[in-house]
Amino acid sequence: MFLDYFALGVLLFVVVVIFYGVIAIHDIPYEIAKKRNHPQQDALHIAGWVSLFTLHAIWPFLWIWATLYREDRGWGFSTVAKRELSLEEDVSTLRQTVTNLQARLEQLEQAKTNVVEPVITNKVEV
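Residues numbered from 1 in each chain as written. Predicted model: local features only at pLDDT ≥ 70, side-chain atom pairs only at ≥ 80, totals over all residues. Heavy atoms only, no water.

Per an unreviewed UniProt entry, the protein carries the name Inner membrane protein yiaW and comes from Shewanella morhuae.

Laid out in structure tokens, this is it:
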């Protein structure tokens, strides 16, 4: 008789641990969002609870949604645009520099052809 109650107790313990484990797992995306200071923490938390009713079918998407945002770089899309603008400015500066150098080179070549260089001949008598 004791083993029957012991088995029932173990079974109830396992059910409770699994129940709380599932609840703890559903909260992982929210915890990630809270740690990263995600602007949509509340939506992630509510979606996590909704995922309990969908048997965690949307949970991987919540994980991705929570990990996309970082406080230091945001969503990551605006920095790409800023970097592209910076590179465009650098390229235009380099083009202007190359144009100036080409013009300067042409001036120097013209000045070289305009100046008559004296011909120096060294005669060595033996």
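Trainee: I'd like to hear about the pattern of salt bridges, residue by residue, with values.
Mentor: All told, the structure shown has one salt bridge when counted by the stated rule. Its salt-bridge partner being Lys 34, residue Glu 31 comes within 3.6 Å of it at the nearest N-O pair. Taken together, the residues span about one helical turn, with Glu 31 and Lys 34 both in helix 2 (residues 28–35) at a distance of three residues. Look at Glu 31 and you get partly exposed, because its relative accessible area is 38%. Among the residues examined, Lys 34 registers a relative accessible area of 41% and is labelled partly exposed. (Salt bridge = Lys/Arg side-chain N within 4 Å of Asp/Glu carboxyl O. Helix = DSSP H or I, 4+ residues; strand = E, 2+ residues; numbered from the N terminus. Buried < 20%, exposed > 50% of the residue type's maximum accessible area, 1.4 Å probe, protein only.)

Trainee: Tell me about the UniProt feature "transmembrane region" (unreviewed entry) in the protein, and please be specific about residues and values.
Mentor: Cross-referencing UniProt, the feature "transmembrane region" (unreviewed entry) maps to residues 6–25 and 46–66 in the present numbering. Between the first and last C-alpha atoms of residues 6–25 the distance is 28 Å; the span itself is 100% helix and 0% strand. The distance separating the terminal C-alpha atoms of residues 46–66 is 13 Å; by composition the span is 76% helix and 0% strand. (UniProt positions renumbered as here; feature names shortened; annotations may be inferred.)

Trainee: Tell me about a nonpolar patch on the surface, and name the residues and values.
Mentor: Taken together, Phe 2, Leu 3, Phe 6, Val 10, Phe 13, Val 14, Val 17, Ile 18 and Val 22 make up a surface patch of nonpolar side chains, about 900 Å² in accessible area. Among the secondary structure elements, Val 10 is positioned in helix 1 (residues 2–26). Residue classification places Val 10 among the partly exposed residues on the basis of a relative accessible area of 38%. (Patch = residues over 30% accessible without salt bridge, like charges linked within 9 Å, V, L, I, M, F, W, Y side chains within 5 Å. Areas by Shrake-Rupley, 256 points an atom, 1.4 Å probe, with all protein chains shown as cover.)

Trainee: Any details on a negative patch on the surface? Residues and values, ideally.
Mentor: Together, Glu 84, Glu 88, Glu 89 and Asp 90 line one region of the surface with negative charge. Looking at the element boundaries, Glu 88 is found in helix 5 (residues 78–114). Note on Glu 88: relative accessible area 53%, which makes it exposed. (Lys, Arg positive; Asp, Glu negative; His and termini not counted. Charge placed at Lys NZ, Arg CZ, Asp CG, Glu CD.)

Trainee: Account for the packing of helix 2 against helix 3 (residues 41–53), naming residues and giving values.
Mentor: Helix packing geometry: the angle between the two helix axes and the distance between the axes. With their axes 8 Å apart at the nearest point, helix 2 and helix 3 run at an angle of 170° to one another. Overall, the two elements helix 2 and helix 3 adopt an arrangement that is roughly antiparallel. Residues Tyr 30, Ala 33 and Lys 34 of helix 2 form the contact with helix 3, whose participating residues are Gln 41, Leu 44 and His 45. Among the residues making up the contact of helix 2 with helix 3, the classes are represented as three nonpolar, two polar and one charged. (Axes fitted to C-alpha atoms, helices over the stretch in contact; angles between N-to-C directions. Parallel < 35°, antiparallel > 145°, perpendicular 65-115°, else oblique. Contact = heavy atoms within 4.5 Å. Nonpolar A, V, L, I, M, F, W, Y, C, P; charged D, E, K, R; others polar.)

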